[in-house]
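# Coordinate analysis (summary)
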Amino acid sequence: MLTRTSTQSLTEQLAGRFAERIRNRLLPPGARLPSVRECARQQGVSPHTVVAAYDQLLAQGLVEARRQRGFYVRDSAPAQEGPAQGVVKATTTPVGASGIPADASSLIRGMFHRQSDKPQPGMGVFPPDWMESTFLPTALRRLTGTRALQELSLQYGEPAGDAALRRSLSQKLVSINVPAGPDQIITTIGATHALDIVSRTLLRAGDPVMVEEPGWAIEFARLESLGMRILPVPRRADGPDLDVMAKYCEAHKPKLFVSVSVFHNPTGYSLSPGSAHRVLQLANQHDFHIVEDDTYSHLAPEHATRLCALDSLQRTVYVSGFAKILAPNWRIGFLAAPPALFGRLLETKLLGTLTTPALFERALAWCIDQGQLRRHADRIRIRLDGARARTVKLALSHGCSFVSEPAGLFGWVDTGVDTDALTQRMLDEGYLLAPGSLFHARRPPSTLMRINFATAQDAEFWKVFGRVRDR
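Bear in mind that the values here come from a model prediction, so they are computed numbers and not experimental data.

Judged from the four bridges that link them, strand 1 (residues 63-66) and strand 2 (residues 70-73) form a sheet pairing that is antiparallel. Across the sheet, Glu-64 pairs through a bridge with Tyr-72, a residue of strand 2. In textbook terms, the turn of a hairpin is the stretch between consecutive antiparallel strands, and for strand 1 and strand 2 this stretch comprises three residues, one of which, Gln-68, has a positive phi near 60 degrees.

Time to look at the nonpolar core. Judged by nonpolar contacts, the single largest core of 70 residues is most densely connected at Phe-126, Leu-173, Tyr-318, Phe-322, Leu-326, Met-426 and Trp-462. Here Met-426 is in contact with Tyr-431, Leu-433, Phe-461, Val-464, Phe-465 and Val-468, once residues within four sequence places are set aside. Counting 28 residues, the second largest nonpolar core, distinct from the first, contains Ala-160, Leu-202, Leu-256 and Val-317.

The omega angle of the peptide bond from Glu-213 to Pro-214 is 0 degrees, so this bond is cis rather than trans. Residue Pro-266 follows Asn-265 across a cis peptide bond; omega there is 20 degrees. Structurally, the position occupied by Pro-266 is in the loop between strand 9 (256-259) and helix 12 (273-286). Phi is positive for Leu-313, which is not a glycine, with a value near 55 degrees. Tracing the backbone shows Leu-313 in the loop between helix 13 (307-311) and strand 11 (316-321). Since its relative accessible area comes to 2%, Leu-313 is described here as buried. The residue Arg-331 is not glycine, and still its phi comes out positive at about 55 degrees. Its place among the elements puts Arg-331 in the loop between strand 11 and strand 12 (333-336).

As a general point, the strands of a sheet are linked pairwise by backbone hydrogen bonds and lie either parallel or antiparallel. Spatially, 13-14-16-15 is the arrangement adopted by the four strands of the open sheet, whose pairing is antiparallel. Looking at the sheet topology across the chains shown, the edges are occupied by strand 13 (401-402) and strand 15 (434-435). In terms of strand pairing, strand 15 meets strand 16 (residues 448-452) through two bridges, oriented antiparallel. The residue bridging Ala-434 from the neighbouring strand is Arg-450, located in strand 16.

Inspection of the secondary structure puts Glu-12 in helix 1 (residues 10-23). Overall, the relative accessible area of 12% leaves Glu-12 in the buried class. Looking at Glu-12, its side chain comes within polar contact range of the main-chain nitrogen of Ser-9, at 2.9 Å.

On to the packing of aromatic side chains. Using the criterion set out here, one finds 13 aromatic pairs in the structure. Seen in terms of ring centroids, Tyr-54 and Phe-71 are 4.8 Å apart; in terms of plane orientation they differ by 55 degrees. Their pairing is tilted. Of this pair, Tyr-54 sits in helix 3 (residues 47-59) while Phe-71 sits in strand 2, and the two are 17 residues apart along the sequence. Each member of the pair, Tyr-54 as well as Phe-71, is classed as buried. What links up through ring pairs into an aromatic cluster is the set Tyr-431, Phe-461, Trp-462 and Phe-465. Just above the ring of Tyr-72 sits the side chain of Arg-66; from NZ or CZ to the centre is 4.0 Å. The ring centre of Phe-410 lies 4.0 Å from the NZ or CZ of Arg-450, which sits over that ring.

Calculation rules
- Residues numbered from 1 in each chain as written.
- Predicted model: local features only at pLDDT ≥ 70, side-chain atom pairs only at ≥ 80, totals over all residues.
- Heavy atoms only, no water.
- Pairing = 2+ DSSP bridges.
- Helix = DSSP H or I, 4+ residues; strand = E, 2+ residues; numbered from the N terminus.
- Core = buried A, V, L, I, M, F, W, Y, C linked by side-chain atoms within 4.5 Å.
- Buried < 20%, exposed > 50% of the residue type's maximum accessible area, 1.4 Å probe, protein only.
- Contact = heavy atoms within 4.5 Å.
- Polar contact = N/O pair within 3.5 Å; in protein donor to acceptor, adjacent residues only side chain to side chain.
- Phe/Tyr/Trp six-rings, centres within 6.5 Å; stacked < 30°, edge-to-face > 60°.
- Lys NZ or Arg CZ within 6 Å of the ring centre and 35° of its normal.

So, in structure tokens, the structure goes:
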């Protein structure tokens, strides 16, 4: 039986039980594992625990996931040799030759398979009740109640995106000193899609890409899945480590640098003007492009330093979206690019998605033009300031320290213990954490974790955190 008093977490115990049965051929090749829901019911654990255990089995090569069918024992699953081996943690084991960490998508999986009503400090989004508004239904009613619904639904939209939205976005970019006309803007299915378009257009498999570290776990996994060579650049308070960048430029001739200038994820750092100028000098000297991910622009002051503003979209490509602040399921993002790259980027979008949903894009344009988005973002910033203050006080009172000055949506926290192991144990309690190793390309052990200030202000979470960490 699984037990909460074991030295192993429930996840490790469950994965170990299945691993032993597979290696001893008690579960033969091709056998289907119980569904997540059924396994959770049988074992008396949460679905989160089952998903994490199945991820570990995937990492060991013992099972395979078949789309919409479940998990099956692999035909090539290794037989038992001698005593059963200890469970290999998915948090440190790459999958296949690509080197993608088995847990790289666990945070996103948690977004779609929320199994607990508890606040989730590891999530990268605001709670749904923070984003509720009356103007979103109004924006849609204006379109669905008129002939516009037929016009926007019964034919493909413009390949570059709805013209009204691109005009609104152009004006919005001017307010942060990024000079981009509507004819330089392409709408996308979220900001991640925009990043993917840039990567597929400018890079080929094997190309070296500089990426800030710590950085977004999914970006590391996405680039590795495309076959890129990741060159991690340490992120400092004022910007990327310029000495490391210069050495990479001399030794590897990178094609692209991916950067989050404002409210960097996970540290909350923002780029200084001096570092920005030096980065642009390196780009011009060594002939590489920069894609600036400004996903958190809605939370930032307009005067924040941005590479695209200083560069005037010459070597830079600007990327942002609205999932974090407004309507995640509308899936609206965009990129703004130099005129010389626009045609190539648009062709990549056409080959991938043809167009994007004009109905939601036109509704978003109305929200921007009427000032509704700006007022909504102001309200969220005020609410976030209060949540951040409460979270910082709770974290410090439970023996944590902040590696960087708390700012923006995320806190970069030192717990003093291995957060990979801590994450597994907190899953058993119904809480999803974001361990520090997720934010490094090669997943080294870490005592750090990223917390979401909006979802980590719950005192009960910190009470459970302290108990689980210290036992």
